[in-house]
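Now for the letters of each chain:
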Amino acid sequence: MVVLVVATTSDPASIGPASAFLAMPGWSPGPPIAEGMESFTNGNVRLLKHEHSIIAEDNLDQRWQEATGEPVSEVIFLSKHTAVSNRPALTVHPIGVPHLREDETPPQGGTPGWAAIPNPRIGPWLRLMQKIAAEQGLVPEFEITLEATHHGPVTSTPTMFVEIGSTEEYWGRQDAAQAVALVLWKGLGLENGNAVGNWQGKGEKVLLGIGGGHYAPRHMDIVNKDGVWVGHLLSGYSLPMDTPTQVNGKTSGEVGGMWKHSIKASYEATKAGFPGGEVIAHLDHKSFKGWQKNAVTSYLQEQNIRVGKPSDFF
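Residues numbered from 1 in each chain as written. Predicted model: local features only at pLDDT ≥ 70, side-chain atom pairs only at ≥ 80, totals over all residues. Heavy atoms only, no water.

Quick notes on the sheet that holds strand S1 (residues 2-8)
What the eight strands build is an open sheet, ordered S2-S3-S4-S1-S5-S8-S6-S7; its pairing is mixed. Edge positions in the sheet fall to strand S2 (28-29) and strand S7 (143-146), since each of these pairs with one other strand and no more. Here six bridges tie S1 to strand S4 (residues 45-50), and the two strands are oriented parallel to one another. Residue Ala7 lies in a different strand from S4, and its bridge partner there is Lys49. Packing of helix H5 (residues 174-187) onto the sheet brings it into contact with S1, strand S3 (38-42), strand S5 (72-82), strand S6 (89-93) and strand S8 (159-166), and relative to S8 it is tilted by some 165 degrees. (Pairing = 2+ DSSP bridges. Helix = DSSP H or I, 4+ residues; strand = E, 2+ residues; numbered from the N terminus. Contact = heavy atoms within 4.5 Å. Axes fitted to C-alpha atoms, helices over the stretch in contact; angles between N-to-C directions.)

Digging into the packing of aromatic side chains
According to the stated counting rule, one finds seven aromatic pairs in the structure shown. With a centroid separation of 4.9 Å and 85 degrees between ring planes, the pair formed by Trp199 and Phe274 is classed as edge-to-face. Of the two residues, Trp199 sits in the loop between H5 and strand S9 (205-210) while Phe274 sits in the loop between helix H7 (259-273) and strand S13 (278-283), which places them 75 residues apart along the sequence. As far as burial versus exposure is concerned, Trp199 and Phe274 are alike and both buried. Consider the rings of Trp229 and Phe274, whose centres lie 6.2 Å apart with planes at 70 degrees: the pair is edge-to-face. You can see Trp229 sitting in strand S10 (residues 229-234) and its partner Phe274 sitting in the loop between H7 and S13, a full 45 residues away along the chain. With respect to class, Trp229 is no different from Phe274; both count as buried. Cation over ring: Lys80 sits above Trp171, and NZ or CZ is 4.6 Å from the ring centre. (Phe/Tyr/Trp six-rings, centres within 6.5 Å; stacked < 30°, edge-to-face > 60°. Buried < 20%, exposed > 50% of the residue type's maximum accessible area, 1.4 Å probe, protein only. Lys NZ or Arg CZ within 6 Å of the ring centre and 35° of its normal.)

A look at the pairing of S1
The buried fraction of S1 amounts to seven of the seven residues, a majority that puts the element mostly inside the structure. On S1, burial covers both faces: Val2, Leu4, Val6 and Thr8 on one face and Val3, Val5 and Ala7 on the other are all buried. Sheet analysis places S1 next to S5, joined by five bridges and oriented parallel. Across the sheet, the residue bridging to Val5 is Ile76, located in S5.

Thoughts on the pattern of salt bridges
Enumeration over the complete set of coordinates arrives at 17 salt bridges. Ionic pairing is found between Glu38 and Lys49, a salt bridge with its closest N-O pair at 3.8 Å. Of this pair, Glu38 sits in strand S3 while Lys49 sits in strand S4, and the two are eleven residues apart along the sequence. We classify Glu38 as partly exposed; its relative accessible area is 40%. Arg218 is the salt-bridge partner of Asp221, the closest N and O atoms lying 3.4 Å from each other. Of the two residues, Asp221 and Arg218 both sit in helix H6 (residues 217-223), three residues apart, roughly one turn of that helix. Using a relative accessible area of 40% as the deciding quantity, one classes Arg218 as partly exposed. A single network of salt bridges, built from pairs that share partners, joins Glu278, Arg306, Lys309 and Asp312. (Salt bridge = Lys/Arg side-chain N within 4 Å of Asp/Glu carboxyl O.)

A look at the layout of surface pockets
As a volume, the largest pocket reaches approximately 470 Å³. Along its surface, the largest pocket is lined by 23 residues, and Ile55, Lys80, Gln108, His150 and His151 are the ones closest to its centre. Those elements giving two or more residues to the lining of the largest pocket turn out to be S5 and S8. With four residues, the single largest contributor to the lining of the largest pocket is S5. A breakdown of the residues in the lining of the largest pocket according to their chemical character gives eight nonpolar, eleven polar and four charged. (1 Å grid on protein atoms, 1.4 Å probe; cavity = no way out; pocket = protein on both sides within 12 Å on 5 of 7 lines; lining within 4 Å. Points joined across faces, edges and corners; volume = space filled by probe spheres on them. Nonpolar A, V, L, I, M, F, W, Y, C, P; charged D, E, K, R; others polar.)

Re the sheet that holds S13
Overall, parallel pairing links the three strands, which are arranged S10-S9-S13 in an open sheet. Looking at strand neighbours, the two that pair on one side only are S10 and S13, the edges of this open sheet. Averaged over all neighbouring strand pairs, the angle between strand axes comes to 25 degrees, with direction disregarded. Strand direction decides the pairing type here: S9 and S13, joined by six bridges, are parallel. Paired with Val206 across the two strands is Val279, which belongs to S13. Against the sheet, helix H8 (residues 290-302) touches S9 and S13, its axis set at about 170 degrees to S13.

A look at the side chain of Ser266
Note on placement: Ser266 falls in helix H7. Only 2.8 Å separates the side chain of Ser266 from the backbone oxygen of Ser262, close enough to count as a polar contact. In this structure Ser266 touches Pro98, Ala115, Leu208, His232 and Leu234, once residues within four positions along its chain are discounted. (Polar contact = N/O pair within 3.5 Å; in protein donor to acceptor, adjacent residues only side chain to side chain.)

Shown next, in the form of structure tokens:
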């Protein structure tokens, strides 16, 4: 089994960290892949470079195995991050668009209604990234944060994105690229053989974040603590809920929308990413209106998905 790290030459926040990673010891040319792609090998790590948008190339894990005979255990994408705030940032996040209906076109890749299997390294690597960024002098200039589940491309193995944000000024920053390369180097065990975030599947608790903003602040409060595992993170926009009828000030009837599917698909993908673990939902209670929270908690109970308090994850 090999780890597939994917970069694109069309994105300075992708190719910058990839180049810094390849400058570290032990790399050799990898097997020939499709035209317009180049690969490199180092231990059980494979780095794949292509020329297209990072979200446009679906099923690279399957395509790698078909081309090389090597099964892929996980995929890590390197990419730029954009934000209205323009604040410099290093981010990690799971991917998918589980909230989209079949008739909707995903604006940034993926398949409507789909949630990728989250890479178990997301939580441990957030904390590793915080440590490395501080050591490299990027903090407090750069924010180190999770992002909620969003965008493609389609994969079928555990997946995560590692990104540099948030504007062109920062995408090409060599110090940020070096920090991301160090996260890869140390996190994948190429430095000393001790990888960070290998899932052991011994009943540990895994956070499924539900509600809140794109940067998941209430969930971040928990994931910042050592030992916490994190799966999908569904912000408010990934929980589309139709406003129900009100009768005498009370909600009447079913709350429509894709929110139930979004929760179920994300829960099932998180379970697949953490076999042997206990997936526990953590709600950003203040982000919901009363009728929304009631609908969500009732559905979680109906699905036998435990709802946890922050203390339940430690």
